[in-house]
Amino acid sequence: MKRIGRFHVVTDTLLQTCHSHVELAGLAIAGGADTIQLREKGGSTREMIRAAEQMQTLCRKADVTFIVNDRVDVAIASGADGVHLGQDDFPIPLARKLLGEKAIIGGSATDMDEARKCLVEGADYIGFGPVYSTASKADAGPVSGLDLLRHVVEAIPLPIVAIGGISISNASLVMKAGAHGIAVISAVCCQKDPTEAARSLRCLLLESGPHD
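Definitions and limits used
- Positions within a chain are numbered from 1, following the residues in the order the chain's sequence is written.
- Per-residue local features are limited, in this predicted model, to residues with pLDDT of at least 70; the limit for side-chain atom pairs, both in listing and counting, is 80 or more; totals at the level of whole chains, interfaces and linings are taken over all residues.
- To obtain the side-chain values, all non-hydrogen atoms of the structure were included, while hydrogens and water were left out.
- A run of DSSP states H or I qualifies as a helix once it reaches four residues; a run of E qualifies as a strand once it reaches two. Both are numbered from the N-terminal end.
- Radius of gyration: C-alpha atoms only; globule rule: 2.2 Å multiplied by the number of residues to the exponent 0.38.
- Under the scheme applied here, a residue whose accessible area is under 20% of the maximum for its type counts as buried, over 50% as exposed, and between as partly exposed, the area being computed with a 1.4 Å probe on protein chains only.
- At least two bridges found by DSSP between two strands is the condition for calling them paired.
- Angles shown run from 0 to 180 degrees and are taken between the N-to-C directions of axes, each axis being a line fitted to C-alpha atoms and, for helices, limited to the stretch in contact.
- Every residue pair with non-hydrogen atoms within 4.5 Å of one another is taken to be in contact.
- Patch membership requires over 30% relative accessible area and the absence of a salt bridge. Like charges are linked within 9 Å, and nonpolar side chains (Val, Leu, Ile, Met, Phe, Trp, Tyr) within 5 Å.
- Accessible areas in this description were obtained via Shrake-Rupley with a 1.4 Å probe; residue shielding takes into account the shown protein chains only.
- Salt bridge, as used here, is a side-chain nitrogen of Lys or Arg placed within 4 Å of a carboxyl oxygen of Asp or Glu.
- Each direction from the helix axis to a C-beta atom contributes to the arc, which is the arc of those directions.
- Each polar contact in these results corresponds to two N or O atoms within 3.5 Å; when the atoms are within protein, one needs to be able to donate a hydrogen and the other to accept it, and residues that are neighboring in sequence are counted only if both atoms are side-chain atoms.
- Orienting the strands away from the viewer, one traces the path from the first strand over the helix to the second; a clockwise path indicates a right-handed crossover.

### Some remarks on the overall build of the chain
Thinking step 1. Per the secondary structure count, the chain includes 9 helices and 8 strands.
Thinking step 2. Compactness check: the chain gives a C-alpha radius of gyration of 15 Å against a globular reference of 17 Å for 212 residues, within 12% of the reference.
Thinking step 3. Each principal axis of the C-alpha atoms in the chain carries an extent, and together these give about 40 × 40 × 35 Å.
Thinking step 4. Burial status across the chain gives 49% buried among its 212 residues.

### Digging into the sheet that holds strand S5 (residues 104-109)
In a beta sheet, neighbouring strands pair by backbone hydrogen bonds and run either parallel or antiparallel.
Thinking step 1. Here 8 strands make up a closed barrel; going around it, the order is S1-S2-S3-S4-S5-S6-S7-S8 and the pairing parallel. On average, adjacent strands in this sheet sit at an angle of 25 degrees to one another, irrespective of strand direction.
Thinking step 2. On the sheet, helix H4 (residues 92-99) packs against strand S4 (82-85) and S5 and is oriented at approximately 165 degrees with respect to S5.

### Describing a nonpolar patch on the surface
Thinking step 1. A surface patch of nonpolar side chains, amounting to about 270 Å² of accessible area, comprises Ile76, Leu94 and Leu98.
Thinking step 2. Along the chain, Leu98 turns up in helix H4.

### Examining helix H5 (residues 112-121)
Thinking step 1. If you check which residues of H5 are buried, you get Met112, Ala115 and Cys118. For H5, the angular spread of buried residues about the axis comes to 120 degrees, placing them on one side. Exposed and oriented more than 90 degrees from the buried face of H5 are Asp113 and Val120.
Thinking step 2. Capping of H5 at its N-terminal end is provided by Asp111; its side-chain oxygen lies 3.2 Å from the backbone amide nitrogen of Asp113.
Thinking step 3. Positive backbone phi, at 100 degrees, marks Gly122, one or two positions downstream of H5.

### Here's the deal with the environment of Gln191
Thinking step 1. Assignment of secondary structure puts Gln191 in the loop between helix H8 (186-189) and helix H9 (194-208).
Thinking step 2. A residue is classified by how much of its surface remains accessible, and Gln191, at 37% relative accessible area, is partly exposed.
Thinking step 3. Note: C-alpha distance between Gln191 and His8 (183 residues apart in sequence) is 16 Å.
Thinking step 4. Not counting residues within four places of it along the chain, the set of residues in contact with Gln191 comprises Ser186 and Ala197.
Thinking step 5. Looking at Gln191, its side chain comes within polar contact range of the main-chain oxygen of Ser186, at 2.9 Å.

### Comments concerning the pattern of salt bridges
Pairing is possible between side chains of opposite charge, provided their charged atoms come close.
Thinking step 1. Going through the model one piece at a time under the given rule, you end up with 9 salt bridges.
Thinking step 2. Residue Asp73 is joined to Arg71 by a salt bridge in which the shortest nitrogen-to-oxygen separation is 2.9 Å.
Thinking step 3. What makes Asp73 partly exposed here is its relative accessible area of 39%.
Thinking step 4. Using a relative accessible area of 22% as the deciding quantity, one classes Arg71 as partly exposed.
Thinking step 5. Between Asp124 and Arg96 there is a salt bridge, and its shortest N-O distance comes to 2.8 Å.

### Things to note about the pairing of strand S7 (residues 160-163)
Thinking step 1. Pairing of strand S6 (residues 125-128) with S7 involves 3 bridges; the strand directions are parallel. The partner of Gly127 across the bridge, within S7, is Val161.
Thinking step 2. In this sheet, strand S8 (residues 181-184) lies alongside S7 in parallel orientation, the contact comprising 3 bridges. Residue pairing in the sheet places Val161 in a bridge with Gly181 of S8.
Thinking step 3. After leaving S7, the chain enters helix H7 (residues 171-176) and then returns to the sheet as S8, a path that is right-handed.

The structure is reproduced here in structure tokens:
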């Protein structure tokens, strides 16, 4: 059984410039994140592999899952636990061929049709959203809201990880809607104290109880 985390922190160096991807990974892990996702759309492949290798080392020591966004090549090179793929990214079935059955592959979905596509193509979990309005991703698409999240959770037999505008103020509502977990960017990465921000979210998730 693959271990799909409930608290995913997606690292970012565009919305904030105080911390590197590696530093953010360490801070988020210290705050209780159980999954770290490297999301980098620019820079050289060599630099990204170097950062991914360091992040994987941190994650392995802490028994935390390490996922690379989009870049299957970087995931392979760094020994990552898996990848997260958008609808227009690398095809999930091809990623499975390259990474193998043990790899964790997440797929992004903004509506029911995309969620079903992720299921059919063999994703292990779905990152669904944006649940709320977000400025973290320019291509996030229209807000899905809690009602649609609830319908997807009921209809799709995969762990649904909610993303988009999730913060300490609304995370409990997301979990009550049935989400397996949450993925955040700015709610941790852009805070003055990322570790404390992560710790607060982690405590809230623990209070919400398991959703399997």
